Amino acid sequence: TIYYGTIIHSVSIEQVDIIQNGVLVVDATGIIVHVERDVADIKEFLDKQPYRDVEIHSLGAEQFLMPGFVDTHAHAPQYMFAGSGMDCQLLDWLEKYVFPCESAFESTDHALEAYQKVVARFLSNGTTTCSWFATIHLEACKKLVDIVHQLGQRAFVGKVNMDQNAPEFYIESTQSSLKDTRAFIEYVQSKETTLITPVVTPRFAITCSSALMNGLSQLAKEYRVPIQTHLCENHDEIDFTCELFKSKDYTSVYDNHHLLNERSYMAHCVHMSDEEIDLLAQRKTGVAHCANSNFSLHSGVCDVRRFLAKGIKVGLGTDVAGGFSPSMLDAIRSTFFASKTQKIIHRDNGKNNDYVPLKTNELLFLATLGGAQVLGLQDQIGNFEKGKSFDALWVDLEGGSIDLMGGESMDQKLEKFLFNGNDQNLKHVYVQGGKVSSRK
Ligand code: GUN
Ligand code: FE
């Protein structure tokens with residue numbers, strides 16, 4: 001298949017490459033085998049190529065291709081109450097809304113219905129790769145995997161683990177938690193797909209005993225799978241964690257249980273000492289920045305620049321339903337606001353008036369290639385380099401929520417899409433060359 005038109009992708013955090021009259025050749029397995037720029041005449045170009053019997057998709061003047069979004073942190077069951085219940089802070093919110101909601105996923109029928117909705121919604125919003133937290137229930141977790149597979153999303157899926165400090169209606173024993181996690185990993189690994197990866201998912205230190213965390217890091221090592229969890233989201237959470245584990249800080253708790261490595265990634269990381277950030281850098285652990293959630297649960301304002309300055313991998317997460325929106329466009333906008341708020345904080349504290357908020361090119365990077373790096377998928381997705389999978393969005397600036405005034409540059413059009421666009425600006429969404437969603 002050949003796509004011909006404007007192609008936009010991040011090459012690095014600094015650089016967005018805008019390819020005019022570009023040609024992308026995608027083979028039958030969904031891999032990009034050729035990228036060409038400035039092709040004035042597609043027929044002439046094809047005459048000089050070995051490709052025969054190809055399907056040619058030409059993009060319109062107000063359309064472009066960009067990489068699919070990578071959501072590095074979302075809770076599939078919590079989509080049930082997304083957009084509601086944000087009247088308290090993290091620990092009360094978990095008790096009042098999250099645990100009751102998640103405990104209902106003991107029913108696989110309930111899981112089936114809810115998971116169909118959330119995965120379809122994420123795909124129609126252009127999230128081609130998502131790192132999911134499910135619930136503690138093995139059977140419902142398998143259902144999420146089946147639905148992700150059916151609907152064609154690329155995903156990391158985690159069975160949540162919690163064996164302490166949780167209500168009696170939503171808790172597991174250490175042994176059953178480890179046993180079910182092993183069974184879950186084996187279930188995913190035995191499935192005929194390369195798109196889905198099991199991820200070891202201790203909810204957070206508060207709900208996991210030392211024995212459980214040690215067992216989970218062992219499992220991750222044994223099966224060579226990544227690890228995801230929450231870190232330093234909220235002051236009360238941090239204080240309780242340090243008290244529980246008699247630790248000087250939160251990050252060391254995970255490190256002491258061997259949960260920090262180059263395949264791990266931590267959601268939030270709002271309140272971190274320089275020492276803790278250095279430890280993440282040393283362990284090559286990534287960060288999922290969840291700005292909407294950090295505002296909605298008034299957890300705090302994360303300064304992403306501190307991580308970037310240390311070379312730490314950073315991606316964006318919607319954190320549905322701590323974050324109320326399933327859309328990565330919203331994650332980009334929330335990240336923009338968090339970064340502008342950091343600018344205000346720096347200025348008003350008289351600390352540093354030279355603080356530079358994240359720019360559009362950096363926001364695009366974090367939502368695509370940055371997320372791919374966090375998940376260790378940078379050789380497979382995140383941009384349109386030859387050899388990568390065609391995980392893409394066919395963006396149409398017309399037909400959605402954007403009004404063009406005429407005369408905008410391509411940079412401006414990209415910016416308008418990121419700030420004014422919606423799901424109706426996505427004509428098609430592709431994962432590994434296959435169409436997984438189209439605008440209604
Ligand atoms: N920390 C532990 N569990 C959760 C959760 O479900 N959402 C958020 N935002 N933080 C958490
Ligand atoms: Fe979360």
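Presented here is a report on the structure given in the accompanying data block. (Residues numbered from 1 in each chain as written. Chains lettered and ligands numbered in written order. Predicted model: local features only at pLDDT ≥ 70, side-chain atom pairs only at ≥ 80, totals over all residues.)

1. Section: unusual backbone geometry
How we decide: Only DSSP runs of H or I with at least four residues qualify as helices, and only runs of E with at least two residues qualify as strands; both kinds are numbered from the N terminus onward.
Put simply, valine 320 and alanine 321 share a cis peptide bond, and its omega is 10°. Checked against the element boundaries, alanine 321 lands in the loop between strand S15 (314-316) and helix H12 (328-348). Phi at cysteine 232 takes a positive value of approximately 45°, unusual for a residue other than glycine. Even without glycine at this site, lysine 284 takes up a positive phi of about 60°. On the secondary structure map, lysine 284 appears in the loop between helix H9 (274-283) and strand S14 (286-289).

2. Some points on helix H14 (residues 410-420)
Quick reminder of the rule: Every C-beta atom is placed from the backbone, and the number of other C-beta atoms within 10 Å of a residue's own sets its class: buried at 20 or more, exposed at 12 or fewer, partly exposed in between. Arc definition: directions from the helix axis to the C-beta atoms.
Among all positions in H14, only Lys413, Leu414 and Phe417 are buried. Seen from one end, H14 has its buried residues packed into an arc of 100°, which puts them on one side.

3. Regarding the site of ligand 1
Worth spelling out the cut-off: Residues are counted as near a molecule or strand when the C-beta atom, derived from backbone positions, lies within 6 Å of that molecule or strand. For this scheme, ten residues count as nonpolar: Ala, Val, Leu, Ile, Met, Phe, Trp, Tyr, Cys and Pro. Four count as charged, namely Asp, Glu, Lys and Arg, and the remainder, Gly too, count as polar.
Lining the immediate surroundings of ligand 1 are His75, Leu90, Leu94, Val98, Arg203, Phe204, His230, Glu233, Ser293, Asp319 and Gly322. For the shell around ligand 1, the element with the highest residue contribution is helix H2 (residues 90-103), accounting for three residues. Grouping the amino acids of the shell around ligand 1 by side-chain chemistry returns four nonpolar, four polar and three charged.

4. Structural notes on the nonpolar core
Cut-off, in case you're wondering: Put simply, a nonpolar core is a cluster of buried Ala, Val, Leu, Ile, Met, Phe, Trp, Tyr and Cys residues tied together by C-beta atoms within 7 Å. How far each domain reaches was decided by an automatic or database domain assignment. The contact criterion used is a C-beta to C-beta distance within 7 Å, with each C-beta placed from the backbone.
Among the nonpolar cores identified, the biggest contains 132 residues, and Trp132, Leu144, Val157 and Ala367 are the most heavily contacted of them. When residues in this core are grouped by element, the largest group, eight residues, is from helix H13 (residues 360-374). Counting contributing residues per domain, this core is built from domain 1 (2-67 + 383-438) and domain 2 (69-374), each supplying no fewer than three. Non-local contacts of valine 157, meaning those with residues more than four positions away in its chain, are made with Trp132, Ala134, Cys141, Leu144, Val145, Val148, Val188, Ile196, Pro198 and Val199.

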